[in-house]
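A look at the structure
Residues per chain, in single letters:
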Amino acid sequence: VQLQASGGGVVQAGGSLRLSCAASGGAFSGHTMGWYRQAPGKQRDMVATVTSGGITDIADSVEGRFTISRDNAKNTVYLQMNSLKPEDTAVYYCNLKRVWIPCYNYWGQGTLVTVSS
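Presented here is an overview of the structure given in this document. None of the values given here were measured: they were computed from a predicted structure.

With that settled, consider the overall build of the chain. Of the regular secondary structure elements, the chain holds 0 helices and 11 strands. In sequence order, the chain lays out its α and β elements as β-β-β-β-β-β-β-β-β-β-β. By the compact-globule yardstick of 13 Å for 117 residues, the chain fits well, its C-alpha radius of gyration being 14 Å. Taken over the C-alpha atoms alone, the chain extends approximately 45 × 25 × 25 Å along its principal axes. Looking at the chain residue by residue over its 117 residues, the buried ones come to 43%. Once local pairs closer than 6 in sequence are excluded, the contacts in the chain between residues at least 24 apart make up 53%. Carbon and sulfur atoms form 50% of the exposed surface of the chain, whose accessible area is close to 6100 Å². Of the charged side chains in the chain, 10 are positive and 7 negative, and the gap between their average positions amounts to 7 Å.

Below, the discussion takes up the environment of A39. Within the fold, A39 resides in the loop between strand 4 (32-38) and strand 5 (45-50). Setting aside residues up to four positions removed in sequence, A39 forms contacts with T89 and A90.

For the rest of this paragraph, the subject is the pattern of salt bridges. Counting across every chain of the model gives 2 salt bridges. One network of salt bridges, in which partners are shared, links R37, R65 and D88.

A few words on the nonpolar core. One finds W35, L79, M81 and Y92 to be the most contacted residues of the largest nonpolar core, which totals 30 residues. Contributions of two or more residues to this core are made by strand 1 (2-6), strand 3 (17-24), strand 4, strand 5, strand 7 (66-71), strand 8 (76-81), strand 9 (90-98) and strand 11 (111-116).

This next bit is on unusual backbone geometry. A cis amide bond, omega -5°, links I101 with the succeeding residue P102. Within the element layout of this structure, P102 appears in the loop between strand 9 and strand 10 (104-107). Even without being a glycine, N75 presents a positive backbone phi close to 50°. Within the secondary structure layout, N75 lies in the loop between strand 7 and strand 8. You will see that S83, though not glycine, has its phi angle at about 50°, which is positive. Mapped onto the fold, S83 is located in the loop between strand 8 and strand 9.

With antiparallel pairing, 4 strands are arranged side by side in an open sheet as 1-3-8-7. Edge positions in the sheet fall to strand 1 and strand 7, since each of these pairs with one other strand and no more. On average, each strand axis in the sheet is tilted by 15° relative to the strand beside it, whichever way the strands run. Pairing of strand 3 with strand 8 involves 6 bridges; the strand directions are antiparallel. Residue pairing for strand 8: A22 is matched across the bridge by T76.

About the cut-offs
Residues numbered from 1 in each chain as written. Predicted model: local features only at pLDDT ≥ 70, side-chain atom pairs only at ≥ 80, totals over all residues. Heavy atoms only, no water. Helix = DSSP H or I, 4+ residues; strand = E, 2+ residues; numbered from the N terminus. Rg over C-alpha atoms; globule rule 2.2 N^0.38 Å. Buried < 20%, exposed > 50% of the residue type's maximum accessible area, 1.4 Å probe, protein only. Contact = heavy atoms within 4.5 Å. Areas by Shrake-Rupley, 256 points an atom, 1.4 Å probe, with all protein chains shown as cover. Lys, Arg positive; Asp, Glu negative; His and termini not counted. Charge placed at Lys NZ, Arg CZ, Asp CG, Glu CD. Salt bridge = Lys/Arg side-chain N within 4 Å of Asp/Glu carboxyl O. Core = buried A, V, L, I, M, F, W, Y, C linked by side-chain atoms within 4.5 Å. Pairing = 2+ DSSP bridges. Axes fitted to C-alpha atoms, helices over the stretch in contact; angles between N-to-C directions.

What follows is the structure, encoded as structure tokens:
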């Protein structure tokens, strides 16, 4: 199984970026896809997740600025990030997991987002 993330980069505060993550190499169903981020010296935190049924969970710190969506046919999840702040600077990791049997949990390689002030 491979999760290929793309879309990171450098942007000025107030700008926007769109992250994409495509899953391949497996037959997935009933799974949640999402984005987590890890800033230097900090733990990895959930940013946003979306279930196969479209139910989303958004971190308070990005609520109203970030939007998560997914294309089930393409096994792809997107993160639209608007009004970016310097504190959004982090490595963003894509995640795919299923919490009931058969369970699985996969991570992408991470994509760096840098927001300059």
